[in-house]
Amino acid sequence: MDSSIDYTSPSTHFTYDVNKSPFFKKDNYNFMNILGIQQLNTLENTSLLDIFLSADNNIEPHYHPNAAELVYCISGAITVSILNPFTKQFQHYAITPGQVANIPQGWWHYQMATEDRTHILAIFNAPTPEVILGSDILKLTPSSIMAYTYGMDKNQWKKAIAPVLPSTYIGPQKSWNKTGDSNAQNYANTFNQYGNPGYTIQEFDPYNNPTNL
């Protein structure tokens, strides 16, 4: 076994409470906790995000340059949407408790919760997953290059992206006023080979005691 970890050191740890490692919080019902090598120093090629979402909240479009992602549904329901770079088509996979969806390394994707009290694990084959967020691409790319490249009016582009916040992570952002548009059109070809068996939503502490967060 080839490892740089000193398993004899008293500072080497084998257990950790992920609840004590917040990564991003939108509100008491939509947030992420993280476990990586910074939290648990015996990890090598594994890390995870512990994610809680309410219905119609989504993990914004993004990709991971250094890791594949396995999404495991613990409770609720979520649709995992993946842009296949070989077919140039989005593939939508609805998963419920006990089901998984796999996202290859570097593939553009997003996830939409379709039930309240959705709880998923996003598991990565890297000690710390890198991420490129859609909101960062939109806000940090110079408006002049976007306008020049795609034949757009620069001022119109600036106006269109003005509401976007960098590092949104969980959308929609609180300041957005919903127009009543349905997300159904985005999942017209949603695939679930298991037939959505209708699992009962599990109860878990963050939703039973949201004021404790």
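Scroll up to find the structure.
Since the model is a prediction, treat every value here as computed from it, not as a measurement. Residue numbers run consecutively from 1 along every chain, following the written order of its sequence. Given that this is a predicted model, residues contribute local features only at a pLDDT of at least 70 and side-chain atom pairs are listed and counted only at 80 or more, while totals for whole chains, interfaces and linings are drawn from all residues. Note that the side-chain values use all heavy atoms of the structure and ignore hydrogens as well as water.

## A closer look at the overall build of the protein chain
Just so we agree on the cut-off: Helix numbering and strand numbering both begin at the N terminus, where a helix is a DSSP run of H or I of at least 4 residues and a strand a DSSP run of E of at least 2. Type-normalised accessible area, obtained with a 1.4 Å probe on protein chains alone, sets the label of each residue: buried when under 20%, exposed when over 50%, and partly exposed for intermediate values. When checking whether two residues touch, look at their non-hydrogen atoms; a contact exists if any pair is within 4.5 Å. Here the Shrake-Rupley method, with its probe set to 1.4 Å, supplies the accessible areas, and only the displayed protein chains count as covering residues.
When its secondary structure is counted, the protein chain shows four helices and 12 strands. In the protein chain, buried positions account for 40% of the 213 residues. Taking as baseline every contact in the protein chain between residues at least 6 positions apart, the subset at least 24 positions apart corresponds to 75%. Of the accessible surface of the protein chain, which amounts to about 12,300 Å², a share of 53% is contributed by carbon and sulfur atoms.

## Let's talk about the pairing of strand 1 (residues 22–27)
Note the threshold: If DSSP finds at least two bridges between two strands, the strands pair.
Here four bridges tie strand 1 to strand 2 (residues 30–35), and the two strands are oriented antiparallel to one another. Residue pairing for strand 2: Pro-22 is matched across the bridge by Asn-33. With antiparallel pairing between neighbouring strands as the criterion, strand 1 and strand 2 make up a hairpin whose turn holds two residues.

## Notes on the pairing of strand 2
Of all the six residues making up strand 2, six are buried; the element is thus mostly covered by neighbouring parts of the structure. Covered by surrounding structure in strand 2 are Asn-30, Met-32 and Ile-34 together with Phe-31, Asn-33 and Leu-35, the residues of both alternating faces. With five bridges connecting them, strand 2 and strand 3 (residues 47–53) associate as antiparallel partners. Across the sheet, the residue bridging to Asn-33 is Asp-50, located in strand 3.

## Details of the packing of helix 2 (residues 143–150) against helix 3 (residues 154–161)
The cut-off we apply is this: Here an axis means a line fitted to C-alpha atoms, over the contact stretch when the element is a helix, while the angle between two N-to-C directions is reported on a 0 to 180 degree scale. With respect to orientation, any angle under 35 degrees is reported as roughly parallel, any angle over 145 as roughly antiparallel, any angle of 65 to 115 as roughly perpendicular, and every other angle as oblique. For any helix crossing, the convention is left-handed if the near helix is rotated counterclockwise from the far helix by under a right angle, and right-handed if that rotation is clockwise. Here the nonpolar group is Ala, Val, Leu, Ile, Met, Phe, Trp, Tyr, Cys and Pro; Asp, Glu, Lys and Arg are the charged ones; every other residue, Gly included, is treated as polar.
Contact geometry of helix 2 with helix 3 gives a least axis separation of 9 Å together with a crossing angle of 120 degrees. By the angle between their directions, the pair helix 2 and helix 3 is classed as oblique. Crossing of helix 2 over helix 3 shows right-handed handedness. Residues Ser-143, Ser-144, Met-146 and Ala-147 of helix 2 pack against Lys-154, Trp-157, Lys-158 and Ile-161 of helix 3. A per-class count over the contact of helix 2 with helix 3 returns four nonpolar, two polar and two charged.

## Quick word on a nonpolar patch on the surface
The cut-off we apply is this: Patches in this entry comprise residues that are over 30% relatively accessible and not in a salt bridge; like charges within 9 Å are linked, as are nonpolar side chains (Val, Leu, Ile, Met, Phe, Trp, Tyr) within 5 Å. Should a side-chain nitrogen of Lys or Arg be within 4 Å of a carboxyl oxygen of Asp or Glu, the pair is scored as a salt bridge.
On the surface, Leu-70, Tyr-72 and Val-100 cluster together to form a nonpolar patch covering roughly 220 Å² of accessible area. Mapped onto the elements, Val-100 comes out in strand 8 (residues 100–103). A residue is classified by how much of its surface remains accessible, and Val-100, at 40% relative accessible area, is partly exposed.

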